[in-house]
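# A closer look at the structure
So you can see what is in the structure, the chains are spelled out below.
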Amino acid sequence: MSQAEKATRLADLHQKGHPLVLYNIWDAGGAKVLEKADAPAIATGSWSMAAAHGYADGESIPLDFALGIVERICASVDVPVTVDFEGGYATDPDEVAENVRRVIRAGAVGINFEDRIVKGEGLHSISAQVARIRAIKAVAADEGIPLVVNARTDLFLGTDPASHDARLAEAMEREAAYAEAGANCFFVPGLTDAKLISRVVDGASLPVNVMMIGDLKSIKDVAALGVSRASYGPGPFFEFLANLKKACMSLE
């Protein structure tokens, strides 16, 4: 497949009720293992990639270094690759877009793009995030790649679950705005209440992505909610570290 064909394939894998399952990895070796296990696409995790190379999450891993890892991953597999690109390593829409151009040229065909203010507090305003998404889509079009933008809102992640119902209206406002700006998916990490997820799915025009944390343990269960994408975030890395520690301790 050409890079453009991989992008189209990635978009097509998002089917309501039959979610694309992404077991997030952090290096080319992990990507190759997943491809051999018949994973239809590969996704990186920002926390995992940073931690695996001695950095904190939150765009602390240098952009050039991160893109080098992405390039190796993309060169190592034949399936579509989507990159957790956090906040785009910039605030200004044009600067974000040029950084995304580099992600595309590294071989990726999708990105996670969050509305959290990285290294700051709170979220970008809806209008600011819309401008950033539009700039990304314009650069992708210029590159001839129908980049799959998974628009992530951080309204729920790390917040009190008791507040999530009250946050739903803003989430749906953001979903509608991000969709109009050209986003391809809507990611709600941290939202784990089945009833609330169903309300997001029912009200969204975009395919909905959840993170498999907390009460979300079964792909079958989230599929029944109408989710189109299920990802594991840093979970696989935590599991890898636990297994590594266990193996080392068994040598004593």
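Above this text is the structure in question.
### So, a nonpolar patch on the surface
Residues Phe240, Leu241 and Leu244 make up a contiguous nonpolar surface patch of roughly 260 Å² in combined accessible area. In this structure, Leu241 sits in helix α10 (residues 235-249). When its relative accessible area of 36% is taken as the criterion, Leu241 is described as partly exposed.

### Details of the packing of helix α6 (residues 126-143) against helix α7 (residues 164-181)
Two elements in contact, α6 and α7, have axes separated by 8 Å at closest approach and are oriented at 30 degrees. When the axis of α6 is compared with that of α7, the two are roughly parallel. Handedness of the crossing formed by α6 with α7: right-handed. Residues Ile126, Gln129, Val130, Ile133, Arg134 and Lys137 of α6 lie in contact with α7, whose contacting residues are Glu173, Arg174, Ala177, Tyr178, Glu180 and Ala181. Here the residues of the contact of α6 with α7 sort into 6 nonpolar, 1 polar and 5 charged.

### A word on the pairing of strand β3 (residues 81-84)
Of the two faces of β3, the one carrying Val81 and Val83 and the one carrying Thr82 and Asp84 are both buried. Two strands pair when backbone bridges link them, and β3 and strand β4 (residues 110-114) are joined in this way by 3 bridges, in the parallel orientation. Of the residues in β4, the one forming a bridge with Val83 is Ile111. For the handedness criterion, the β-α-β arrangement of β3, helix α5 (residues 93-105) and β4 is classed as right-handed.

### Some thoughts on unusual backbone geometry
You will see that Tyr89, though not glycine, has its phi angle at about 60 degrees, which is positive. Mapped onto the fold, Tyr89 is located in the loop between β3 and α5. The residue Lys119 is not glycine, and still its phi comes out positive at about 65 degrees. Among the secondary structure elements, Lys119 is positioned in the loop between β4 and α6. Judged by its relative accessible area of 64%, Lys119 falls in the exposed class.

### What about the pattern of salt bridges?
In total, this model carries 13 salt bridges according to the counting rule given. The closest approach of N and O atoms between Glu114 and Arg152, which form a salt bridge, is 3.6 Å. Taken together, the positions of Glu114 in strand β4 and Arg152 in strand β5 (residues 148-152) put the pair 38 residues apart, joining distant regions of the chain. Each member of the pair, Glu114 as well as Arg152, carries the same accessibility label: buried.

### Examining α5
Here α5 spans 18 Å end to end across 13 residues, near enough to the 18 Å set by a 1.5 Å rise per residue. Turning to α5, its buried residues number three or more, namely Val96, Ala97, Asn99, Val100, Arg101, Val103 and Ile104. Of the residues that open α5, the one with a side-chain oxygen 3.0 Å from the backbone nitrogen of Asp94 is Asp92. Where α5 ends, the next residue or the one after it, Gly107, has phi of about 115 degrees, a positive value.

### Observations regarding helix α8 (residues 194-203)
Along an α-helix, residues three or four apart share an orientation, since each turn contains 3.6 residues. Every buried residue of α8 is accounted for by Leu196, Ile197, Val200 and Val201. Along α8, the residues classed as buried sweep out an arc of 140 degrees about the axis, all on the same side. Along α8, the residues that are exposed and aim more than 90 degrees away from the buried face are Lys195 and Asp202. By the N-cap criterion, in which a side-chain oxygen at the helix start approaches the backbone nitrogen of a residue two or three places on, α8 is capped by Asp193, the distance to Lys195 being 3.0 Å.

### Observations concerning the sheet that holds strand β1 (residues 20-22)
Taken in spatial order, the 8 strands of this open sheet run β1-β8-β7-β6-β5-β4-β3-β2, and their pairing is parallel. At either end of the open sheet lies a strand with only one pairing partner, and these are β1 and β2 (42-43).

### Here we look at the packing of aromatic side chains
For any pair of aromatic rings, the description consists of the separation of the ring centres together with the inter-plane angle of the planes. The tally for this structure, following the rule as stated, stands at 9 aromatic pairs. With 5.0 Å between their ring centres and 70 degrees between their planes, Trp47 and Phe238 make a pair best called edge-to-face. With Trp47 in helix α3 (residues 46-52) and Phe238 in helix α10, this pair connects stretches of sequence that are 191 residues apart. According to the relative accessible area criterion, Trp47 is partly exposed, its value standing at 33%. Within the aromatic cluster, the residues linked to one another by ring pairs are Trp26, Trp47, Phe237, Phe238 and Phe240.

Criteria and cut-off values
Residues numbered from 1 in each chain as written. Predicted model: local features only at pLDDT ≥ 70, side-chain atom pairs only at ≥ 80, totals over all residues. Heavy atoms only, no water. Patch = residues over 30% accessible without salt bridge, like charges linked within 9 Å, V, L, I, M, F, W, Y side chains within 5 Å. Areas by Shrake-Rupley, 256 points an atom, 1.4 Å probe, with all protein chains shown as cover. Salt bridge = Lys/Arg side-chain N within 4 Å of Asp/Glu carboxyl O. Helix = DSSP H or I, 4+ residues; strand = E, 2+ residues; numbered from the N terminus. Buried < 20%, exposed > 50% of the residue type's maximum accessible area, 1.4 Å probe, protein only. Axes fitted to C-alpha atoms, helices over the stretch in contact; angles between N-to-C directions. Parallel < 35°, antiparallel > 145°, perpendicular 65-115°, else oblique. Left-handed = near helix turned anticlockwise from the far one by under 90°. Contact = heavy atoms within 4.5 Å. Nonpolar A, V, L, I, M, F, W, Y, C, P; charged D, E, K, R; others polar. Pairing = 2+ DSSP bridges. Right-handed = clockwise from strand over helix to strand, strands pointing away. Expected span 1.5 Å × (residues − 1). Polar contact = N/O pair within 3.5 Å; in protein donor to acceptor, adjacent residues only side chain to side chain. Arc of directions from axis to C-beta. Phe/Tyr/Trp six-rings, centres within 6.5 Å; stacked < 30°, edge-to-face > 60°.

All quantities given are derived from atomic positions and should not be read as evidence of function.
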